[in-house]
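The chain contents come next:
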Amino acid sequence: MLDILVYEERQQAAGEAGPCLEYLLQHKILETLCTLGKAEYPPGMRQQVFQFFSKVLAQVQHPLLHYLSVHRPVQKLLRLGGTVPGSLTEKEEVQFTTVLCSKIQQDPALLTYILEGKKTVARKKVSREPPALPGDMASIEDKDPPPSTTSDTVPCGAGVLTTQLPADTEEPDGGIGENNLITSLIGLCKSKKGRVALKAQENLLLLVSVASQAAATYLVQSSPCCPAIVEHLCQLYQSMPTFLDPADIATLEGISWRLPSAPSDEASFPGKEALAAFLGWFDYCDHIIMEAHTVVADALAKAVAEKLFVGILQPQLLHVSEQSLLTATALLTALLRQLRSPALLQEAVTFLLGMEQQPAALEDPCTLCVHLIRHCDHLSDEISIATLRLFEELLQKPHEQIVRSLILCHLEGRLYVVRGAPEPESYEDTLDLEEDPYFTDGLDAGFQPSSKPTPAPATNLDGKTAVTEIVNSFLCLVPEEAKTSAFLEETGYDTYVHDAYGLFQECSSRVAPWGWPQALTPLDPHEPERPFFEGHFFRMLFDRMSRILEQPYSLNLQVTSVLSRLALFPHPLIHEYLLDPYINLAPGCRSLFSVLVRVIGDLMQRIQRVPQFPGKLLLVRKQLMGQVPGEQLDHQTLLQGVVVLEEFCKELAAIAFVQFPPQGPHLCLSPPPEGHV
């Protein structure tokens, strides 16, 4: 039959239906084949019917889907497909949906027609009145039928639908009807056969990428497309174990929807395949949101936020169970790492940080963001590290609201700078160690600075401290007796400069569209002083930083990593607050440098109580670098904290250097010997 139909069409004039095609349509041969396929009579008939329909629709150029005698069996076949997992005809079913999706791509007006569900049809039949037709369908139904066709072969308009559809399609009125192509594709996406599932996902992606505004609106408002996709995502989440190790979750980083299976060379762990399936489908949702029509993308992003973020993840993030909290935090970090679409990123940012971008107050209600910040200072070090990683991942996303909500809204107005004070004229006026309250304890313990007082800090025409002074301040902050990097190779300041340069360029390109100012706004000396609150995020980070000598090594690494990410942002307020040691702080205010100064003072007291401190410190550094076997030492946490502190100061100096190098922002970056600029 197929060969005859194709041969006949070649002989006919363009757009005309030949007698064989007319016979096929008038005598409902396709419906007969569909009935035989449904009954599997003879055995294997369903497979043959799917193949025949696919070939007829693909090879016959005459528009067939507009005819009732084609539309009806196509709908019946779709109801057969994608419903039984592991069906023997999955390959043929996905080929059939591929043809339909390609036809819709060629003519988006077909979308509402093919997706028209049983309930919609039933409502038309019950009403006995032709309903108002969508604009896209009107173009289909107004087409003239071939001259020789009978009433059964005319294009399927409202009148034909209301009189010729069988009674068994009637269903109770109300709600969105079953849209067979969508449900069939979603069912095939769940196939255990990788190629079938991948092809079904590609077909669904093709369907939601239709450029027609009316078709996209129909997909959102009158089909289960978005709910079905998100429901499958939530089902995959629920199928995972209730507890997963964050380290195991990290091993599956980079799972793609095109290759959703877990890498076979990685170590196995319980729930590995379920986790890979969930991350793969989330990546697919993210890809759909990137590629789909804007109407579909926004609706799907909101559905993911409502069902997954708010409905499932939020209760777990607020749960009292540490295991539940740890798993949810690590999974959310993995999702943020995979996330690429702007619409879903906006929903994720709103979910995590809320809509407000106003400065927070100490007595603010406990929002999800405040809860998460508190988790960074949790009694469990594992939860603290996992939540800090979440914020570090969030800070790398290209969304200005993240930086503004967490940081900038608190720094605007520069309330941390004392009002009405004259500009310092000398180094002693700025950082007189004899009078600095942060250094008092250190001096009592016999502390001597690692170098003689630096000359007065040079300033540029715009009032900013010269970068040479900033770099020297950080490099000389740790006293010589607490430094060990000079005894080892490849631990110098120059390594940090090259790394910081690449990270700074990446960060600068990410924030370039945000139009940040290049210079600070001058202070109004007559403006009355107001209390300054650094914000929950900075307060947590500074509190953590002040305990660097008492915290585990891995936690210290994560805290300093987040602070380094913040320092890389090329905003003058962030640069001043985190990287300028010479700002004249208002009473009761802290900056990163002032916190570090207090830590150094605390360190000098502790050094007096550790015998053979320099030798033990060098041994611990070699252990951390893997040069000597690890063995437990007295004061190990303190010694590891000192190593992290030294390296962090070098990293901050390097970040300051690459932001404002002396020769210009893009010139020579080779640093001089350590400790000097």
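Residues numbered from 1 in each chain as written. Predicted model: local features only at pLDDT ≥ 70, side-chain atom pairs only at ≥ 80, totals over all residues. Heavy atoms only, no water.

Regarding the overall build of the chain
Part 1 of the argument: Counting secondary structure elements, the chain contains 32 helices and zero strands.
Part 2 of the argument: When burial is assessed residue by residue, the chain has 53% of its 677 residues classed as buried.
Part 3 of the argument: Long-range pairs, those at least 24 residues apart, make up 77% of the contacts in the chain with a sequence separation of at least 6.
Part 4 of the argument: Summing over all exposed atoms, the chain offers an accessible surface of approximately 30,600 Å²; the carbon and sulfur share of this is 54%. (Helix = DSSP H or I, 4+ residues; strand = E, 2+ residues; numbered from the N terminus. Buried < 20%, exposed > 50% of the residue type's maximum accessible area, 1.4 Å probe, protein only. Contact = heavy atoms within 4.5 Å. Areas by Shrake-Rupley, 256 points an atom, 1.4 Å probe, with all protein chains shown as cover.)

Overview of helix H26 (residues 493–511)
Part 1 of the argument: Over its 19 residues, H26 runs 26 Å from end to end, which matches the ideal 27 Å to within 8%, given 1.5 Å per residue.
Part 2 of the argument: Those residues of H26 that fall on the buried side of the exposure criterion are Tyr493, Val497, Ala500, Phe504, Cys507, Ser508, Arg510 and Val511. Considered in projection along H26, the buried side chains sweep an arc of 145° and stay on one side of the axis. Residues of H26 that are exposed and point over 90 degrees away from its buried face: His498 and Ser509.
Part 3 of the argument: Lining the buried residues of H26 we find helix H21 (381–395), helix H25 (467–475) and helix H32 (636–659). (Expected span 1.5 Å × (residues − 1). Arc of directions from axis to C-beta.)

Some remarks on unusual backbone geometry
Part 1 of the argument: At the junction of tyrosine 41 and proline 42, the peptide bond is cis and its omega measures out at -10° in the coordinates.
Part 2 of the argument: Within the secondary structure, proline 42 sits in the loop between helix H3 (29–39) and helix H4 (45–59).
Part 3 of the argument: Look at glutamate 40: it is not a glycine, yet its phi comes out positive at around 55°.
Part 4 of the argument: Looking at where glutamate 40 falls in the secondary structure, it is placed in the loop between H3 and H4.
Part 5 of the argument: Exposure remark for glutamate 40: the relative accessible area of 32% places this residue in the partly exposed category.
Part 6 of the argument: Its identity as a non-glycine residue notwithstanding, glutamine 612 has a phi of 50°, on the positive side.
Part 7 of the argument: The exposure class of glutamine 612 is exposed, given its relative accessible area of 65%.

Some points on the confidence of the model for the chain
Part 1 of the argument: Scored by pLDDT, the chain has a mean of 82; 78% of the residues are at 70 or more.
Part 2 of the argument: Looking over the chain, one finds the lowest element-wise mean pLDDT in helix H10 (residues 158–164), namely 33, and the highest in helix H28 (residues 553–567), namely 98.
Part 3 of the argument: Across residues 117–177, confidence stays below pLDDT 50; counting only partners more than four residues off in sequence or on other chains, it has 101 contacts.
Part 4 of the argument: Ignoring residues within four places in sequence, the model shows residues 663–677, a span with pLDDT below 50, making 26 contacts including any to other chains. (pLDDT = per-residue confidence, 0-100.)

Here we look at the packing of helix H6 (residues 90–106) against helix H12 (residues 194–208)
Part 1 of the argument: Between H6 and H12, whose axes approach to 9 Å, the crossing angle comes to 15°. As the angle between them shows, H6 and H12 are arranged roughly parallel. Like other packed secondary-structure pairs, H6 and H12 cross with a definite hand, here left-handed. Side by side, H6 and H12 meet where Glu90, Lys91, Val94, Thr97, Thr98, Cys101, Ser102, Ile104 and Gln105 of the first sit next to Val196, Lys199, Ala200, Asn203, Leu206 and Leu207 of the second.
Part 2 of the argument: Split by residue class, the contact of H6 with H12 holds seven nonpolar, five polar and three charged. (Axes fitted to C-alpha atoms, helices over the stretch in contact; angles between N-to-C directions. Parallel < 35°, antiparallel > 145°, perpendicular 65-115°, else oblique. Left-handed = near helix turned anticlockwise from the far one by under 90°. Nonpolar A, V, L, I, M, F, W, Y, C, P; charged D, E, K, R; others polar.)

Regarding a negative patch on the surface
Part 1 of the argument: A cluster of acidic side chains, namely Asp245, Glu322, Asp381 and Glu382, defines a negative patch on the protein surface.
Part 2 of the argument: Secondary-structure assignment places glutamate 322 in helix H18 (residues 322–338).
Part 3 of the argument: Judged by relative accessible area, which is 44%, glutamate 322 ranks as partly exposed. (Patch = residues over 30% accessible without salt bridge, like charges linked within 9 Å, V, L, I, M, F, W, Y side chains within 5 Å. Salt bridge = Lys/Arg side-chain N within 4 Å of Asp/Glu carboxyl O. Lys, Arg positive; Asp, Glu negative; His and termini not counted. Charge placed at Lys NZ, Arg CZ, Asp CG, Glu CD.)

Remarks on the nonpolar core
Part 1 of the argument: Leu308 and Phe309 are the most contacted members of the largest nonpolar core, which has 203 residues in total.
Part 2 of the argument: Element by element, the count of residues in this core is highest for H32, at 15 residues. (Core = buried A, V, L, I, M, F, W, Y, C linked by side-chain atoms within 4.5 Å.)

Describing the environment of arginine 544
Part 1 of the argument: Tracing the backbone shows arginine 544 in helix H27 (residues 536–546).
Part 2 of the argument: Given the relative accessible area of 4%, arginine 544 is considered buried.
Part 3 of the argument: Between the C-alpha atoms of arginine 544 and cysteine 376, which are 168 residues apart in sequence, the distance is 8.8 Å.
Part 4 of the argument: Ignoring anything within four residues of it in the chain, the contact list for arginine 544 reads Cys376, Asp377, His378, Ser384, Gln551, Leu555 and Val559.

A look at the packing of aromatic side chains
Part 1 of the argument: Counted under the stated rule, the structure contains 16 aromatic pairs.
Part 2 of the argument: On the numbers, 5.4 Å between centres and 25° between planes, the contact of phenylalanine 309 with phenylalanine 351 is stacked. Here the residue phenylalanine 309 occupies a position in helix H17 (residues 294–317), and phenylalanine 351 occupies one in helix H19 (residues 342–353), the gap between them amounting to 42 residues.
Part 3 of the argument: For phenylalanine 309, a relative accessible area of 2% translates into the label buried. (Phe/Tyr/Trp six-rings, centres within 6.5 Å; stacked < 30°, edge-to-face > 60°.)

Some words on helix H14 (residues 225–238)
Part 1 of the argument: The end-to-end C-alpha distance of H14, which contains 14 residues, comes to 20 Å, matching closely the 20 Å that a straight helix rising 1.5 Å per residue would cover.
Part 2 of the argument: Counting buried residues along H14, 10 of its 14 residues qualify, which places the element largely inside the surrounding structure.
Part 3 of the argument: Along H14, the residues that are buried comprise Cys225, Cys226, Ala228, Ile229, Val230, His232, Leu233, Cys234, Leu236 and Tyr237.
Part 4 of the argument: Buried residues along H14 sit in contact with helix H11 (180–189), H12, helix H13 (213–221), helix H16 (272–291), H17 and H18.

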